[in-house]
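What follows is the residue order along each chain.
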Amino acid sequence: MQGIRAAITGIEAFVPDYILTNEELSQMVDTTDEWIMTRIGIKERHIIKEPGEGSSFVGTEAVKRLLSKTNTKPEEVELLICATVTPDHQFPATANIICDKTGIKKAFSFDINAGCSGFLYALATGAKYVTSGLYKKVIVVGAEKMSSIVDYTDRATCPIFGDGSGAVLLEPTTDPEAGIIDEILQSDGFGRIHLHQKAGGSVKPPTHETIDAREHYIYQEGQPVFKYAVSNMADVSVEIMERNNLSSNDIAWLVPHQANMRIIEAVARRMGLEKEKVMINIERYGNTTSATLPLCLWEWEPRLKKGDNIILATFGAGFTWGAIYLKWAYDPK
Ligand code: UT7
């Protein structure tokens, strides 16, 4: 185990074609482009409109592209983990479905539900199978159809979320200048009172009454979630810097969960990072939950250099939160 790290050796992402703009939203609920831009920082988000398609649709596209880009044969993949809060079905796991649709046969595959921290949790989990020496090719994919649980009559939540996916390939490395170095992942289930889905699970199986009460949509108390998001995300990001002796100058990029521009700015401030070092694409995709981090890395990939110190940080339903410190493993190709 000593000396082996898990490195991201390839990244791809996919968003559906349909773009839901603030203008269109303002015809659906009482809101404005100005309010959404000022309070959240989102201009548009991509939405799955393809009939009969769920999260595996976008997840499959990202994984297919990743396999092709990294010249990986489906049969080489030993483990695929899908992070999602919007699985195609309660069961089987969306990871199983993505494997089937991409020709990945016999791989160990399962889902992780950790709210908006899902990708980070899945990345940390996948990395352990690499550093243990068990697997050499692991795919971690974040895939969401958030539009399936958004109440488009609730102006406080409907501007926030979008659909999309991103996937990475993890492989072993012994290069000291590459790979995942450290992680802090935490959770506090008490936070569920502020952010959850009331019905549809085993506590409240679906009934006509739960449908009528719109209980299958996201329930969010924005202000407490905002407060915890800022403090918890910033705390772990600063802690991971300190325990790895990283100053703000040492950090090439912060990759923050894209939930609210004001949360991102507050976290970057606590870390002493100027905005130029922060990956921000919330304006075009909104909050795609488990897909925000890989969507950022994918967009920035052409600018990333081998050895770049990168901090990924998230906060989400659970509550769950965390930070991962990694060194980028390759130069632009
Ligand atoms: O990724 C999972 C984690 N989730 C998050 O990180 C979300 C964290 N929370 C937030 O990002 C923010 O709290 C929200 C974006 C959800 C809400 O922003 P806010 O600045 O906290 O607004 P608020 O809830 O305090 O509402 C302020 C006012 C209210 O009106 P009154 O009561 O002051 O008259 C709301 O009714 O803004 C009103 N409002 C809106 N107005 C226009 C709420 N939503 C809208 C809207 N358009 N879409």
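Residues numbered from 1 in each chain as written. Predicted model: local features only at pLDDT ≥ 70, side-chain atom pairs only at ≥ 80, totals over all residues. Heavy atoms only, no water.

Attention shifts here to the pairing of strand β1 (residues 5–14). Both faces of the sheet carry side chains from a regular strand, because those side chains alternate between them. Of all 10 residues that make up β1, 8 are buried, and the element is covered over most of its length. In this structure, β1 lies alongside strand β7 (residues 163–173), joined through 9 bridges in antiparallel fashion. Counted as the bridge partner of Ala13 is Gly166 from β7. (Buried < 20%, exposed > 50% of the residue type's maximum accessible area, 1.4 Å probe, protein only. Helix = DSSP H or I, 4+ residues; strand = E, 2+ residues; numbered from the N terminus. Pairing = 2+ DSSP bridges.)

On the basis of which strands lie adjacent, the open sheet formed by 4 strands has the order β8-β13-β12-β11 and mixed pairing. Across the chains shown, the open sheet's two edge strands, defined by having one partner strand only, are β8 (179–187) and β11 (253–256). Sheet twist, expressed as the mean angle between neighbouring strand axes with direction ignored, is 10 degrees. Helix-sheet contacts for helix α5 (residues 118–131) involve β8, β12 (309–316) and β13 (320–327), and the interaxial angle to β8 is about 130 degrees. (Axes fitted to C-alpha atoms, helices over the stretch in contact; angles between N-to-C directions. Contact = heavy atoms within 4.5 Å.)

Turning our attention to helix α4 (residues 94–102). Every buried residue of α4 is listed here: Thr94, Ala95, Ile97, Ile98, Cys99 and Thr102. The secondary structure elements touched by the buried residues of α4 are α3 (55–69), β4 (79–83), β5 (108–112) and β6 (138–145). Downstream of α4 by a residue or two, Gly103 has a phi angle that is positive, lying close to 80 degrees.

Now for the site of the ligand. In the vicinity of the ligand there are 21 residues, among which Thr31, Arg155, Gln223, Asn260 and Asn287 approach most closely. Within the backbone of Arg155, an N or O atom sits 2.8 Å from a nitrogen atom of the ligand. The side chain of Gln223 places a nitrogen or oxygen atom 2.4 Å from an oxygen atom of the ligand. The fraction of the free accessible surface of the ligand (950 Å²) that becomes covered by protein chains is 73%. Of all the secondary structure elements, the ones that give two or more residues to the shell around the ligand are α2 (33–39), α7 (222–243) and α8 (261–271). (Near = heavy atom within 4 Å. Polar contact = N/O pair within 3.5 Å; in protein donor to acceptor, adjacent residues only side chain to side chain. Areas by Shrake-Rupley, 256 points an atom, 1.4 Å probe, with all protein chains shown as cover.)

As a further point, take the packing of aromatic side chains. Within the structure shown, the criterion is met by 10 aromatic pairs. Ring centres 5.7 Å apart and planes at 25 degrees place the aromatic pair Tyr129 and Tyr135 in the stacked group. Assessed through its relative accessible area of 22%, Tyr129 is described here as partly exposed. Taking the centre distance of 5.4 Å and the plane angle of 50 degrees together, the rings of Tyr228 and Phe319 count as tilted. Highlighted residues: Tyr228 in helix α7 and Phe319 in the loop between β12 and β13, separated in sequence by 91 residues. Judged by its relative accessible area of 30%, Tyr228 falls in the partly exposed class. Ring-pair connections join several aromatic residues into one group, and the members of that group are Phe108, Phe110, Tyr129 and Tyr135. Lys49 extends its terminal NZ or CZ atom over the ring of Tyr18, reaching a point 4.8 Å from the ring centre. (Phe/Tyr/Trp six-rings, centres within 6.5 Å; stacked < 30°, edge-to-face > 60°. Lys NZ or Arg CZ within 6 Å of the ring centre and 35° of its normal.)

Domain parsing of the protein yields domain 1 (5–173) and domain 2 (179–327). The gap between the C-alpha centroids of domain 1 and domain 2 is 14 Å. In this complex, domain 1 contributes 54 residues to the contact, which on the side of domain 2 involves 48 residues. Interface area, domain 1 with domain 2, both sides summed: about 4000 Å², of which 61% is carbon and sulfur. In terms of surface lost to domain 2, no three residues of domain 1 exceed Ile11, Cys116 and Leu120, which account for 17% of the buried area on that side. In this assembly, domain 1 and domain 2 are joined by 3 salt bridges. In this structure, Lys69 engages Glu301 in a salt bridge whose closest nitrogen and oxygen atoms are separated by 2.8 Å. At the boundary of domain 1 and domain 2, one finds 21 residue pairs in polar contact (both at pLDDT 80 or more). Elements with a contribution of two residues or more to the side of domain 1 that touches domain 2: β1, α2, β3 (44–47), α5, β6 and β7. A per-element tally of the side of domain 1 that touches domain 2 places α5 first, with 8 residues. Its residues assigned to classes, the side of domain 1 that touches domain 2 comprises 27 nonpolar, 16 polar and 11 charged. (Domains from an automatic or database assignment. Buried area = accessible area lost by both parts, 1.4 Å probe. Salt bridge = Lys/Arg side-chain N within 4 Å of Asp/Glu carboxyl O. Nonpolar A, V, L, I, M, F, W, Y, C, P; charged D, E, K, R; others polar.)

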